[in-house]
Amino acid sequence: MRCTECESLFPVALYEEIGGEELQHFQEHLAGCLKCSADYAELLAVRRTMDERRRTEPPEAFWDQYWEQLAGRLESAERASVSSMPHPRWSSWLFRSAAAASLMAAGIVVGLYYARHQPIPTAATTSEQQPVAPAPTPRAASSDDRTMDYLRRSEVLLLGIVNHGASETASIGIELAREKKVSRDLVAEAAVLKHDLASPEQRRLRQLVSDLEIILLQIANLETQQDLPQIELVRSGVDRTGILLKINVEQMRMADRKDAPSGQESQPL
Amino acid sequence: MRLMARDEEALVSEAVVAGFSTFRDVVEAHKKQVYYLALDLTGNHHDAEDLSQEVFIKAYQSMKDFRGDAKLSSWLHRITVNAFLDSKRKRSLRLLPFPESRERPAELPFRDERPDASPDRRLETAMIQRHIDEALEKLTPRERAVFVLRHYNDLILRDVGQMLNISEGTVKTLLFRALRRLQKELRSYRPEERGQ
Ligand SMILES: [Zn+2]
């Protein structure tokens, strides 16, 4: 073994990632070469010195407050990009702890917002305005399953609207035709769904479907050409009501309920 | 959409197996590990705190990139190192010097500081820490990343390469360069001269 070859093995030798014949040759060379052995000894000393480094431990309070600090940053990061929500269920994990507070706040905001801003068409009035498609309500599915599906489709729709880039506004009229159609279908389904969500423990879901209905109606009623400010209103409605968050929370709850008895996971996606 | 759901499934099952039920649990279980790696990389509490939180935000936002075949902890390690290298890259692009450590380790109590140690011994320990920190600061970000992963986090060189997306050969070169630089920086300080 030559000196250069020996030197190239210093890092692996130092961290004991060398073995067998290679190690044997390495040791033989060191035994016979004063230069290499002195050099290697110095690096061993460096290693020992670096071993003396001690990480400083932050005070306990730092760890105690770690989640709170992070949750604050996470929440603002999430608000900044609803689109980056990777998956409803995972997202809900984050919000689980904050869910109760958020829901309350969102509820208040919904009330205030709509009291101040909207002459809201009721389901009855819109059924006159809209050619309402018959609701596909597979009787076999439980109301939970249908709600799950309903929330998922609503979520996709809302995310599409919220993430509609400003550059796309020129073609917005054409593109929104599909969204409007989906909204109308969802509004029509809402009536049936609300009727089926009759039990007291489904009260929250019923409320969510009602809240959604308001936003869906706004979308369904968007007029093709002059509705650019209107779509902004929809967006801010989605934002202010925290409706996406509410959908997430309910999806998480329903998924948990579903998981609980069988232990079998069934993905809504 | 399907793929995303499956990837997340892998994570969910790992999380469930490990007894996690919420993202908060994931954070609670990994915060120290992520923070200490961030501390190894940045060298000061303030930046380590910042980096570690950035890591969890990134993790949360990029769950779809999580591959089920990797361990959650290695994935977080990878995000930490890459976020660190990214931040250094950005800083150097803006031609801003890396800020001086705002908190010297000596300002905080040492983890294993023995209360019975003499004042002399404690001063000496503080001096050693300072020397080491200063030496580490002389490494390039990549050298430092390789060194701390191998030396303080016990990752074998092959895994370090995978984490940094570089060949094992490059890892060895970087480690060697790091060691030589540390050797040079520590030359003024010899353990054997401390009468140990
Ligand atoms: Zn030699």
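Residues numbered from 1 in each chain as written. Chains lettered and ligands numbered in written order. Predicted model: local features only at pLDDT ≥ 70, side-chain atom pairs only at ≥ 80, totals over all residues. Heavy atoms only, no water.

### Some remarks on the overall build of chain B
For step 1, the next point in the chain: In terms of helices and strands, chain B carries eight helices and zero strands.
For step 2, the next point in the chain: Helices (α) and strands (β) of chain B occur, in sequence order from the N terminus, as α-α-α-α-α-α-α-α.
For step 3, the next point in the chain: Contacts spanning at least 24 positions in sequence make up 68% of the contacts within chain B whose residues lie at least 6 apart. (Helix = DSSP H or I, 4+ residues; strand = E, 2+ residues; numbered from the N terminus. Contact = heavy atoms within 4.5 Å.)

### Regarding the overall build of chain A
For step 1, the next point in the chain: On a plain count of helices and strands, chain A comes out with 13 helices and zero strands.
For step 2, the next point in the chain: Helices (α) and strands (β) of chain A occur, in sequence order from the N terminus, as α-α-α-α-α-α-α-α-α-α-α-α-α.
For step 3, the next point in the chain: Out of the 269 residues in chain A, the part that is buried amounts to 45%.
For step 4, the next point in the chain: As displayed, chain A offers around 13,300 Å² of accessible surface, 56% of which is attributable to carbon and sulfur atoms. (Buried < 20%, exposed > 50% of the residue type's maximum accessible area, 1.4 Å probe, protein only. Areas by Shrake-Rupley, 256 points an atom, 1.4 Å probe, with all protein chains shown as cover.)

### Let's talk about the environment of Ala13 of chain A
For step 1, the next point in the chain: If you trace the backbone, Ala13 of chain A turns up in helix H2 (residues 10–14).
For step 2, the next point in the chain: With sequence-adjacent residues up to four places away left out, Ala13 of chain A is seen in contact with Ile18, Phe26 and Tyr40 of chain A.

### Considering the coordination of the zinc ion
All names here are of chain A.
For step 1, the next point in the chain: For the zinc ion, every protein donor is listed as Cys3 (SG), His29 (NE2), Cys33 (SG) and Cys36 (SG), and the spread of their distances is 2.1 to 2.4 Å.
For step 2, the next point in the chain: If you look at the zinc ion, its four donor atoms make angles of 103 to 115° with each other, and the shape they trace is tetrahedral.
For step 3, the next point in the chain: Between consecutive donor residues of the zinc ion, the sequence gaps follow C-x25-H-x3-C-x2-C. (Donors = N, O, S within 2.8 Å, 3.2 Å for Na, K, Ca; no water. Tetrahedral: all angles 85-135°; square planar, octahedral: opposite > 155°, others 65-115°.)

### Digging into the nonpolar core
For step 1, the next point in the chain: Grouped together as the largest cluster of nonpolar side chains are 73 residues, with contacts concentrated most on Phe26 and Met50 of chain A together with Val81 and Phe147 of chain B.
For step 2, the next point in the chain: At 10 residues, the largest contribution of residues to this core is made by helix H2 (residues 23–42) of chain B.
For step 3, the next point in the chain: Formed by 29 residues, the second largest nonpolar core is a distinct cluster that contains Leu222, Leu244, Met254 and Ala255 of chain A. (Core = buried A, V, L, I, M, F, W, Y, C linked by side-chain atoms within 4.5 Å.)

### Structural notes on the packing of aromatic side chains
For step 1, the next point in the chain: Counted under the stated rule, the structure contains 13 aromatic pairs over all chains.
For step 2, the next point in the chain: When the centroid spacing of 5.1 Å and the interplanar angle of 45° are considered together, the rings of Phe10 of chain A and Tyr40 of chain A count as tilted. You can see Phe10 of chain A sitting in helix H2 and its partner Tyr40 of chain A sitting in helix H4 (residues 34–51), a full 30 residues away along the chain.
For step 3, the next point in the chain: Judged by relative accessible area, which is 0%, Phe10 of chain A ranks as buried.
For step 4, the next point in the chain: Overall, Tyr40 of chain A belongs to the buried group, its relative accessible area being 11%.
For step 5, the next point in the chain: Ring centres 4.9 Å apart and planes at 65° place the aromatic pair Phe62 of chain A and Trp63 of chain A in the edge-to-face group. The burial state of Phe62 of chain A is the same as that of Trp63 of chain A; both residues are buried.
For step 6, the next point in the chain: Members of the aromatic cluster, connected to one another through ring pairs, are Phe62, Trp63 and Tyr66 of chain A together with Tyr35, Tyr36 and Phe56 of chain B.
For step 7, the next point in the chain: When the ring centre of Tyr152 of chain B is taken as origin, the NZ or CZ atom of Arg53 of chain A, which lies over that ring, is 4.6 Å away. (Phe/Tyr/Trp six-rings, centres within 6.5 Å; stacked < 30°, edge-to-face > 60°. Lys NZ or Arg CZ within 6 Å of the ring centre and 35° of its normal.)

### Some remarks on helix H11 (residues 203–220) of chain A
For step 1, the next point in the chain: In a regular helix each residue adds 1.5 Å, so 18 residues correspond to 26 Å; H11 of chain A covers 25 Å between its end C-alpha atoms and thus fits that length.
For step 2, the next point in the chain: Judged by how many residues are buried, H11 of chain A sits mostly within the fold: 13 of 18 residues are covered. (Expected span 1.5 Å × (residues − 1).)

### Considerations on the confidence of the model for chain A
Residue and element names in this part refer to chain A.
For step 1, the next point in the chain: For chain A, per-residue confidence averages 73 on the pLDDT scale, and 67% of positions sit at 70 or higher.
For step 2, the next point in the chain: The model gives residues 83–140 a pLDDT under 50, and that stretch makes 103 contacts with residues more than four places away or in other chains.
For step 3, the next point in the chain: Within the model, pLDDT remains below 50 along residues 262–269, and this stretch shows 18 contacts once partners closer than five positions in the same chain are excluded. (pLDDT = per-residue confidence, 0-100.)

### Digging into the pattern of salt bridges
For step 1, the next point in the chain: For the structure shown, the criterion picks out 24 salt bridges over all chains.
For step 2, the next point in the chain: Between Asp196 of chain A and Arg146 of chain A there is a salt bridge, and its shortest N-O distance comes to 2.7 Å. Note that Asp196 of chain A is positioned in helix H10 (residues 172–196) and Arg146 of chain A in helix H9 (residues 143–162), a separation of 50 residues in sequence.
For step 3, the next point in the chain: For Asp86 of chain B, the salt bridge is made with Arg89 of chain B, and the minimal N-O distance between the two is 2.9 Å. Taken together, the residues span about one helical turn, with Asp86 of chain B and Arg89 of chain B both in helix H4 (residues 72–93) at a distance of three residues. (Salt bridge = Lys/Arg side-chain N within 4 Å of Asp/Glu carboxyl O.)

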